[in-house]
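Per-entry structural report
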Amino acid sequence: MASVDECRQALRDLADRLDRHADASSKIDLDRTLACRITDLETAFHGRITGGRLVDLSDGDDPKAKIALITTSDDLVALVHGQLDVTKAVAARRVSIKASPFDLLKLRKLL
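Residues numbered from 1 in each chain as written. Predicted model: local features only at pLDDT ≥ 70, side-chain atom pairs only at ≥ 80, totals over all residues. Heavy atoms only, no water.

For the protein chain, the name recorded in an unreviewed UniProt entry is SCP-2 sterol transfer family protein, with Micromonospora rifamycinica as its organism.

Following this line, the structure appears as structure tokens:
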């Protein structure tokens, strides 16, 4: 099981990667709050996806977030580091993404 610090770092790594590719992703018109809930650690993080970037990452849940990613600590770290394919993880119910269908289509461009 990954630690809370490893999950926090994985999300920072994801934010950095999205930031590096933001020029290509800047055409994505998505401005939504995001909650990442880690089930095995009973913890959460939240931030905002805007212009192809993940910004304002903080500890704690945002129950009103428009997009929620729910997974285990190990699966979060594996997703961010490219060791777990998001489509397969969702199909296998290792990862749950709660968002409107419209937002899911836009998220596909980021993943």
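**Observations regarding the pattern of salt bridges**
Scanning the model with the defined rule gives seven salt bridges in all. Linking Arg 8 and Asp 5 is a salt bridge whose minimum nitrogen-to-oxygen distance equals 2.5 Å. Taken together, the positions of Arg 8 and Asp 5, both in helix H1 (residues 4-20) and three residues apart, correspond to about one turn of that helix. (Salt bridge = Lys/Arg side-chain N within 4 Å of Asp/Glu carboxyl O. Helix = DSSP H or I, 4+ residues; strand = E, 2+ residues; numbered from the N terminus.)

**Overview of the environment of Glu 42**
Along the chain, the position of Glu 42 falls in the loop between strand S1 (31-38) and strand S2 (43-50). Separated by 38 residues in sequence, Glu 42 and Val 4 place their C-alpha atoms 9.6 Å apart.

**Examining the pairing of strand S4 (residues 67-71)**
Counting buried residues along S4, five of its five residues qualify, which places the element largely inside the surrounding structure. Here S4 shows a buried face lined by Ile 67, Leu 69 and Thr 71 and a second buried face lined by Ala 68 and Ile 70. With five bridges connecting them, S1 and S4 associate as parallel partners. The partner of Cys 36 across the bridge, within S4, is Leu 69. Strand direction decides the pairing type here: S4 and strand S5 (residues 95-98), joined by four bridges, are antiparallel. Following the sheet pairing, Leu 69 is matched in S5 by Ile 97. (Buried < 20%, exposed > 50% of the residue type's maximum accessible area, 1.4 Å probe, protein only. Pairing = 2+ DSSP bridges.)

**Some words on the state of the cysteines**
Within this structure, the stated rule accounts for zero disulfides. Cys 7 forms no disulfide, and the closest cysteine sulfur to it belongs to Cys 36, at a distance of 7.3 Å. Residue Cys 7 is classed as buried on the basis of its relative accessible area of 0%. (Disulfide = S-S within 2.5 Å.)

**Observations concerning the packing of H1 against helix H3 (residues 73-80)**
Between H1 and H3, the least distance of the axes is 9 Å, while the angle of their chain directions is 25°. On the basis of the axis angle, H1 is roughly parallel to H3. Our pair here, H1 against H3, has a crossing hand that is left-handed. Here Glu 6, Cys 7, Ala 10, Leu 11, Asp 13, Leu 14 and Arg 17 of H1 lie close against H3, whose contacting residues are Ser 73, Leu 76, Val 77 and Val 80. Here the residues of the contact of H1 with H3 are counted per class, giving seven nonpolar, one polar and three charged. (Axes fitted to C-alpha atoms, helices over the stretch in contact; angles between N-to-C directions. Parallel < 35°, antiparallel > 145°, perpendicular 65-115°, else oblique. Left-handed = near helix turned anticlockwise from the far one by under 90°. Contact = heavy atoms within 4.5 Å. Nonpolar A, V, L, I, M, F, W, Y, C, P; charged D, E, K, R; others polar.)

**A look at the nonpolar core**
Residues Cys 7, Cys 36, Ile 38 and Leu 76 are the most contacted members of the largest nonpolar core, which totals 16 residues. Listed by contribution, the elements that provide at least two residues to this core are H1, S1 and H3. At five residues, H3 tops the list of elements feeding residues into this core. Among the nonpolar cores identified, the runner-up in size contains ten residues, and Ile 49, Ile 67, Leu 107 and Leu 110 belong to it. (Core = buried A, V, L, I, M, F, W, Y, C linked by side-chain atoms within 4.5 Å.)

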